[in-house]
Amino acid sequence: MRALPLIFLAATLAGCLGDPTPRLETAADSLAYRVTEGAGGLAAWDALPAFSWEWAVIRDSSELVRTRHVWDKRGDRVRSEWPVGVDSMAVVVFVPSRYSPDAIDGLAAINGVSLAGPERDSLIVQANARFVNDGYWLLAPLKVLDPGVRRTIERRDGWDRLALSFEGVGLTPGDRYWLEVDEISGSVTGWSYRLQGDSTESRWQWTELAELPTEKGPVLLTRMRIKDDESAVILTEPRAIDVLDETEFTDLRPRLGVVVD
């Protein structure tokens, strides 16, 4: 397996599903709907106005990388920040629903110093990739009914799993995922994946739910994923935001590691 690559989501994170009662035509659709309900349900997801999360990789008890994202879902804005090199931080603000590699738009800075031209564009491309990757680790249970996602049920190791493949969407539509689902709660308890162009699979156990309150009930998101051989841990640490700090989208100085109320 590659060393914890960016896993590019095969369906965009940039929108909400909008319809809390999607049409269910197959057994796999019904299982996928149970998965979304296990994460709090589509109505709660749509009712979540904004949240932040940090995505971190732990290997041999050492943190290798940590990124931070603030997603104003209602305002269609994202702030992403991550380390660049040894002692620098990149901060990018962009509109996820309008992101296009052919018409790049947004703000970017290194250590609070604004960039322009190709340097800015390169950082915005990287920010979108990180937003998609880090977001899928966190939000996959709420994306299983998205357009372009093909759903089947496959029996593996004696258990039925929700198998996901992708049709003409995303950066790497050849990726495959298999979600392990708790029969009672509908929560995802683990997943396996095989990335496009790779012949190996990786399996991760999902554990520790975080609750993000909304007026439609809590959104339930997993905080920790542990690789099968226990060689690595992925942390996805979400926080609901009741009142957005507008300076998140205007002040490009790094905040990673700083608690902002």
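Residues numbered from 1 in each chain as written. Predicted model: local features only at pLDDT ≥ 70, side-chain atom pairs only at ≥ 80, totals over all residues. Heavy atoms only, no water.

**Here's the deal with the pairing of strand 13 (residues 232-240)**
Here nine bridges tie strand 1 (residues 50-59) to strand 13, and the two strands are oriented antiparallel to one another. Of the residues in strand 13, the one forming a bridge with Arg59 is Ala232. As defined by bridge partners, strand 12 (residues 219-227) adjoins strand 13 across three bridges and the pair is classed as antiparallel. Looking across to strand 13, one finds that Ile226 is bridged to Val233. Joining the antiparallel neighbours strand 12 and strand 13 is a turn of four residues, in which Glu230 adopts a positive phi near 60°. (Pairing = 2+ DSSP bridges. Helix = DSSP H or I, 4+ residues; strand = E, 2+ residues; numbered from the N terminus.)

**Re the packing of aromatic side chains**
The geometry of an aromatic ring pair is captured by two quantities: the separation of the ring centres and the angle between the planes. Scanning all chains against the criterion turns up 18 aromatic pairs. For the pair Phe51 and Trp53, a centre-to-centre distance of 5.3 Å together with 25° between the ring planes defines the contact as stacked. Trp53 carries the same exposure label as Phe51, and that label is buried. Between Tyr177 and Tyr193, the aromatic rings sit 6.1 Å apart at their centres with planes inclined by 55°, giving tilted as the arrangement. Of this pair, Tyr177 sits in strand 9 (residues 176-181) while Tyr193 is found in strand 10 (residues 188-194), placing the two residues 16 residues apart along the sequence. Classification of Tyr177 as buried rests on a relative accessible area of 0%. Given the relative accessible area of 2%, Tyr193 is considered buried. Following the ring pairs from residue to residue traces out a cluster consisting of Tyr136, Trp137, Phe166, Tyr177, Trp191, Tyr193, Trp204 and Trp206. The ring of Trp45 carries Lys73 above its face, with NZ or CZ at 3.6 Å from the centroid. Sitting above the plane of the Trp206 ring, Arg225 keeps its charged end 4.1 Å from the centroid. (Phe/Tyr/Trp six-rings, centres within 6.5 Å; stacked < 30°, edge-to-face > 60°. Buried < 20%, exposed > 50% of the residue type's maximum accessible area, 1.4 Å probe, protein only. Lys NZ or Arg CZ within 6 Å of the ring centre and 35° of its normal.)

**Comments concerning the confidence of the model for the protein**
With 89% of its residues at a pLDDT of 70 or more, the protein has an overall mean of 89. Under a pLDDT of 50 for its full length, residues 1-12 has, in the predicted model, 46 contacts with residues more than four places off or in other chains. (pLDDT = per-residue confidence, 0-100. Contact = heavy atoms within 4.5 Å.)

**A word on the side chain of Arg120**
Here Arg120 lies in helix 3 (residues 117-139). The contact partners of Arg120, leaving out residues within four places of it in the chain, are Ile104, Asp105, Gly106, Ala108 and Leu115.

**A closer look at unusual backbone geometry**
With the exception of glycine, most residues fall at negative phi, and the peptide bonds are largely trans. The phi dihedral of Asp60 is positive, around 50°, even though this residue is not glycine. Within the element layout of this structure, Asp60 appears in the loop between strand 1 and strand 2 (62-72). We classify Asp60 as exposed; its relative accessible area is 63%. Positive phi is not limited to glycine here, since Glu208 has a value of about 70°. Tracing the chain through its elements places Glu208 in strand 11 (residues 202-212). Its relative accessible area of 40% is what places Glu208 among the partly exposed residues.

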